[in-house]
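As a plain string of letters, each chain reads:
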Amino acid sequence: MAVISDPVVRNIVVLPGVFAPSLVALALTARSEGKEGVRRLLGSIFRGPVAARWYVFAATYTAAIKLSAALLHRAITGEWPLFGQIPWYVLVGATLLSTPVQAGEEIGWRGYALPGLARRMGLAKASVLLGIVWACWHLPFFFMPGTDTSGQSFPLYLAQVTAYSAAAAFLFWRAGGCLLPVMLLHAAVNNTKDIVPSAEPGATNPLAWSHSLVAWLTVALLWICAAYFLARMRGVRTIAPEVGPA
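So, here is what we can say about the structure in this document. (Residues numbered from 1 in each chain as written. Predicted model: local features only at pLDDT ≥ 70, side-chain atom pairs only at ≥ 80, totals over all residues. Heavy atoms only, no water.)

Comments concerning the overall build of the protein chain
Counting secondary structure elements, the protein chain contains eight helices and zero strands. Secondary structure elements in the protein chain, listed N-terminal to C-terminal, are α-α-α-α-α-α-α-α. Scaling as 2.2 N^0.38, a compact globule of 246 residues should have a C-alpha radius of gyration of about 18 Å, and the protein chain matches this with 18 Å. Along the first, second and third principal axes, the C-alpha atoms of the protein chain reach 55 × 40 × 35 Å. Put simply, the protein chain has 246 residues, and 50% of those count as buried. Sequence separation of 24 or more characterises 81% of the internal contacts of the protein chain that already satisfy a separation of 6 or more. As displayed, the protein chain has an accessible area near 11700 Å², and 70% of this comes from carbon and sulfur atoms. (Helix = DSSP H or I, 4+ residues; strand = E, 2+ residues; numbered from the N terminus. Rg over C-alpha atoms; globule rule 2.2 N^0.38 Å. Buried < 20%, exposed > 50% of the residue type's maximum accessible area, 1.4 Å probe, protein only. Contact = heavy atoms within 4.5 Å. Areas by Shrake-Rupley, 256 points an atom, 1.4 Å probe, with all protein chains shown as cover.)

So this is what it looks like as structure tokens:
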């Protein structure tokens, strides 16, 4: 979920960071279930049919959260927060182009890990645990120059990503175990989160709490939604029985 601006850092960390979760998932599946298991896991990308509303949800969820945070900021302070300057059509194009790349993480996180965890502890708890792991996977970026999260507040990021994990789990469940909408959600998070930027200018301590009001309003809205998703997922233990570790 971090954007890498330094080409050296990008070449060193992006490929392992983006693709390792799914490569590990595919290797473990091949070891335990053979080629048929790998085929089923890869097939979860296009499992369907999926109602169009879930793709709309995936594409617009982050933008809706961010714009709502801007409205709350206006109501609280009397001033609009800073808005991003990238044209909307560029954000849409970037989201669509990067959606396939998200398979590098999502086959591992939601396709493999989440169903197995859900069978053991329930989907709601599994989504929270996976969200913590998902956030910690990105922790090195907060200490690396050349990333958009360098020096930013990791505690804030942890809260955001865990809430997003609940949304992704809910979407994966409602889409019948199809990964494509979740990949679209992941791409939209990456590419539309700066419609209303949350980053704190000049931040240097990743372990400090953020002083950005927009960031905390975003967290609050994400967790209001996450509370709804978690409530709906209570008692759910099965997404797609043939996907994920037994």
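More follows now that the structure is in view.
Some thoughts on the environment of P155
Within the secondary structure layout, P155 lies in helix α6 (residues 154-174). Note: C-alpha distance between P155 and W209 (54 residues apart in sequence) is 6.4 Å.

Overview of α6
Taking 1.5 Å of rise per residue, 21 residues should cover 30 Å, and α6 covers 30 Å from first to last C-alpha, within 8% of that figure. Counting buried positions along α6 yields 19 of 21 residues, so the element is predominantly enclosed. (Expected span 1.5 Å × (residues − 1).)

Brief notes about the nonpolar core
The biggest cluster of nonpolar side chains holds 54 residues, and the ones touching the most others in it are Y61, L114, L123, L171, L185, F229 and M233. Sorting elements by how many residues they give to this core places α6 first, with 13 residues. Apart from the residues lying within four places of it in its own chain, the contact partners of L123 are L114, A118, A169, W173, M233, V236 and I239. (Core = buried A, V, L, I, M, F, W, Y, C linked by side-chain atoms within 4.5 Å.)

Some points on the packing of helix α4 (residues 103-121) against α6
Contact geometry for α4 and α6: axes closest at 11 Å, N-to-C directions at 90°. When the axes of α4 and α6 are compared, the pair comes out roughly perpendicular. Between α4 and α6, the residues in contact are R110, G111, L114 and P115 and S165, A168, A169 and F172, respectively. Across the contact of α4 with α6, the residue classes tally to five nonpolar, two polar and one charged. (Axes fitted to C-alpha atoms, helices over the stretch in contact; angles between N-to-C directions. Parallel < 35°, antiparallel > 145°, perpendicular 65-115°, else oblique. Nonpolar A, V, L, I, M, F, W, Y, C, P; charged D, E, K, R; others polar.)

Considering the pattern of salt bridges
For the coordinates displayed, the defined rule picks out six salt bridges. Of the charged contacts in the structure, one is a salt bridge between E33 and R40, with a shortest N-O distance of 2.7 Å. For D194, the salt bridge identified is with K193, shortest N-O distance 3.4 Å. Connected through shared salt-bridge partners, E33, E36, R39 and R40 make up one network. (Salt bridge = Lys/Arg side-chain N within 4 Å of Asp/Glu carboxyl O.)

Considerations on the packing of helix α2 (residues 52-77) against helix α7 (residues 180-192)
Relative orientation of the contacting elements α2 and α7 amounts to 25°, with a least axis distance of 8 Å. Between α2 and α7, the interaxial angle falls into the category roughly parallel. Crossing of α2 against α7: the hand is right-handed. In this structure, α2 contributes W54, Y55, A58, A59, Y61, T62, A63 and K66 to the contact, and α7 contributes L180, P181, L184, L185, A188, V189 and T192. Residue classes in the contact of α2 with α7 are distributed as twelve nonpolar, two polar and one charged. (Left-handed = near helix turned anticlockwise from the far one by under 90°.)

Considering unusual backbone geometry
The amide bond that connects G48 to the next residue, P49, takes the cis arrangement and shows omega of 5°. Mapped onto the secondary structure, P49 falls in the loop between α1 (7-43) and α2.

Examining the packing of aromatic side chains
Under the criterion given, the structure shown has 17 aromatic pairs. Taken together, W54, F57, Y61, Y164, F170, W173, Y228 and F229 form an aromatic cluster joined through their ring pairs. Between R110 and the ring centre of W134, over which it is positioned, the NZ or CZ distance is 4.2 Å. The aromatic ring of W173 is capped on one face by R174, whose charged end is 5.3 Å from the ring centroid. (Phe/Tyr/Trp six-rings, centres within 6.5 Å; stacked < 30°, edge-to-face > 60°. Lys NZ or Arg CZ within 6 Å of the ring centre and 35° of its normal.)

As for the environment of P145
Along the polypeptide, P145 turns up in the loop between α5 (123-137) and α6. Measuring from C-alpha to C-alpha, the distance between P145 and I76 comes to 34 Å, with 69 residues separating the pair along the chain.

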